[in-house]
Amino acid sequence: MFAVVRTGGKQYRVAAGDKIAVEKLAGDAGDTIVLGEVLLAGEGDKLAEVGKVTVSAEIIAQAKSEKVTVFKKRRRHNYRRKAGHRQQMTLLRIVSVGDSKAEKKAAPKKEAAPKAEAAAHEAERQEPAKGVEVVKETKAKKAAPVKDGAGSKPADEKAPAKKAPAKKPAAKKSDEK
């Protein structure tokens, strides 16, 4: 059975056992995900009802695609800019393409305990345990050396320098002979 799925703004024709590279999806290597947006499904010449078909895939790895060089130039203006980009992508192995009823029976459900455990661990990191005192260290401001000998205040606490008064234009001198 095959299916056409949309993910990351692109469409892919997949069948069980295929490997594809798609835009980055959340998850770690080894996780199983369900590709939700099935556009077309069927086997041979027969088409199946899209609403009943699910596509499950296993994440092989999170990787980066090949480097793309971006080069901008405007002739006769000495303007050149060079940049590179590597798009984040996820490598998937299609585990199964089939009816959602069969998938629900065959696919083992993930436990919710690891998520709850991770949330509790995150909360512990945010708030200290009872009876534990948190001491925050502060950096002492060091006094900057003063060149003019005006004082021993640190550079941050010095008064702003006064602006020099603007010079007035010189008065016209008249030549008397």
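In what follows, the structure referred to is the one given above.
Residues numbered from 1 in each chain as written. Predicted model: local features only at pLDDT ≥ 70, side-chain atom pairs only at ≥ 80, totals over all residues. Heavy atoms only, no water.

## Quick look at the overall build of the protein chain
Going by this rule: Put simply, DSSP H or I for four residues or longer makes a helix, DSSP E for two residues or longer makes a strand, and each gets a number counted from the N terminus. The classification of residues rests on relative accessible area computed with a 1.4 Å probe and restricted to protein chains. Under 20% of the type maximum is buried, over 50% is exposed, and intermediate values are partly exposed. To measure how exposed things are, a 1.4 Å probe is used in the Shrake-Rupley method; for residues, cover is taken only from the protein chains shown.
Within the protein chain, the regular secondary structure consists of 2 helices and 10 strands. The order of helices and strands in the protein chain, counted from the N terminus, is β-β-β-β-β-β-β-β-β-β-α-α. The 177 residues of the protein chain split such that 18% are buried. Surface exposure of the protein chain reaches about 15600 Å², of which carbon and sulfur atoms provide 52%.

## Some details on the nonpolar core
One broad trend across soluble globular proteins is that nonpolar side chains are buried collectively. Note the threshold: Only buried Ala, Val, Leu, Ile, Met, Phe, Trp, Tyr and Cys residues count toward a nonpolar core, and they belong to the same one when joined by side-chain atoms within 4.5 Å.
Ranked by internal contacts, the top residues of the largest apolar core, which has 18 residues, are Val 14, Leu 35, Val 55, Leu 92 and Ile 94. Looking at this core, the elements with two or more residues in it are strand 1 (2-7), strand 2 (10-15), strand 3 (19-23), strand 4 (32-35), strand 5 (38-43), strand 7 (53-64) and strand 10 (88-99).

## Topic: the environment of Glu 49
As for its placement among the helices and strands, Glu 49 is situated in the loop between strand 6 (46-47) and strand 7. You can call Glu 49 exposed: its relative accessible area is 55%. Once the C-alpha coordinates of Glu 49 and Asp 99 are considered, the two residues, 50 residues apart in sequence, prove to be 9.0 Å apart.

## Section: the sheet that holds strand 7
This is how it is decided: We call two strands paired when DSSP finds no fewer than two bridges between them. Axes, fitted as lines to C-alpha atoms, cover a helix only where it is in contact. Angles between the N-to-C directions of the axes lie from 0 to 180 degrees.
Taking strand neighbours across the sheet as the criterion, the 4 strands line up as 3-10-7-4 in an open arrangement whose pairing is antiparallel. Whereas interior strands pair on both sides, the edge strands pair on one side only; in this sheet they are strand 3 and strand 4. Neighbour-to-neighbour, the strand axes of this sheet turn through a mean angle of 45°, independent of strand direction.

## Describing the pattern of salt bridges
Put simply, the test is: Should a side-chain nitrogen of Lys or Arg be within 4 Å of a carboxyl oxygen of Asp or Glu, the pair is scored as a salt bridge.
One pass over the structure, following the stated rule, counts 4 salt bridges. Of the charged contacts in the structure, one is a salt bridge between Glu 23 and Lys 10, with a shortest N-O distance of 2.7 Å. One end of the pair, Glu 23, is in strand 3; the other, Lys 10, is in strand 2, with 13 residues separating them in the sequence. Residue Glu 23 is classed as partly exposed on the basis of its relative accessible area of 23%. With relative accessibility at 38%, the residue Lys 10 sits in the partly exposed group. For Glu 49, the salt bridge is made with Lys 52, and the minimal N-O distance between the two is 3.9 Å.

## Digging into the sheet that holds strand 5
Backbone hydrogen bonds hold the strands of a sheet together, and the pairing may be parallel or antiparallel. Judged by pairing direction, the sheet is antiparallel, and its 4 strands sit side by side in the order 2-1-5-6 without closing on themselves. Edge positions in the sheet fall to strand 2 and strand 6, since each of these pairs with one other strand and no more. When strand 1 meets strand 5, the two strands line up antiparallel, connected through 4 bridges. Counted as the bridge partner of Val 4 is Leu 40 from strand 5.

## Some points on the side chain of Thr 90
Selection rule: By the criterion applied in these results, polar contacts are pairs of N or O atoms within 3.5 Å in which, for protein atoms, one can donate a hydrogen and the other can accept it, and in which residues neighboring in sequence qualify only through two side-chain atoms. In what follows, residue pairs with any heavy atoms lying within 4.5 Å of each other are defined as contacts.
Position of Thr 90 relative to the elements: it lies in strand 10. There is a polar contact of 2.9 Å between the side chain of Thr 90 and the backbone nitrogen of Leu 25. When near neighbours in sequence (up to four residues on either side) are disregarded, Thr 90 contacts Ile 20, Ala 21, Val 22, Glu 23, Lys 24, Leu 25, Ile 59, Ala 61 and Gln 62.

## Remarks on a positive patch on the surface
For clarity, the threshold we go by: A patch is a set of surface residues, each over 30% in relative accessible area and not in a salt bridge, joined within 9 Å for like charges and within 5 Å for the nonpolar side chains Val, Leu, Ile, Met, Phe, Trp and Tyr. Under the counting rule used here, the positive set is Lys and Arg, the negative set is Asp and Glu, and His together with the chain ends is not counted. We put the charge of a Lys on NZ, of an Arg on CZ, of an Asp on CG and of a Glu on CD.
A grouping of Lys 64, Lys 67, Lys 82 and Arg 86 is seen on the molecular surface, where their side chains present a positively charged patch. With respect to the element layout, Lys 64 can be found in strand 7.

## Things to note about the packing of aromatic side chains
Any pair of aromatic rings gets described here by the distance separating the centres and the angle formed by the planes. Quick reminder of the rule: Only centres within 6.5 Å qualify two rings of Phe, Tyr or Trp (six-membered ring in Trp) as a pair; their planes then separate them into stacked at under 30 degrees, edge-to-face at over 60, and tilted for everything else. Should the NZ of a Lys or the CZ of an Arg lie within 6 Å of a ring centre and within 35 degrees of the ring normal, that charge is described as sitting over the ring.
The final tally for this structure, using the stated rule, is 0 aromatic pairs. Positioned over the ring face of Tyr 79 is Arg 74, at 4.7 Å from the centre of the ring.

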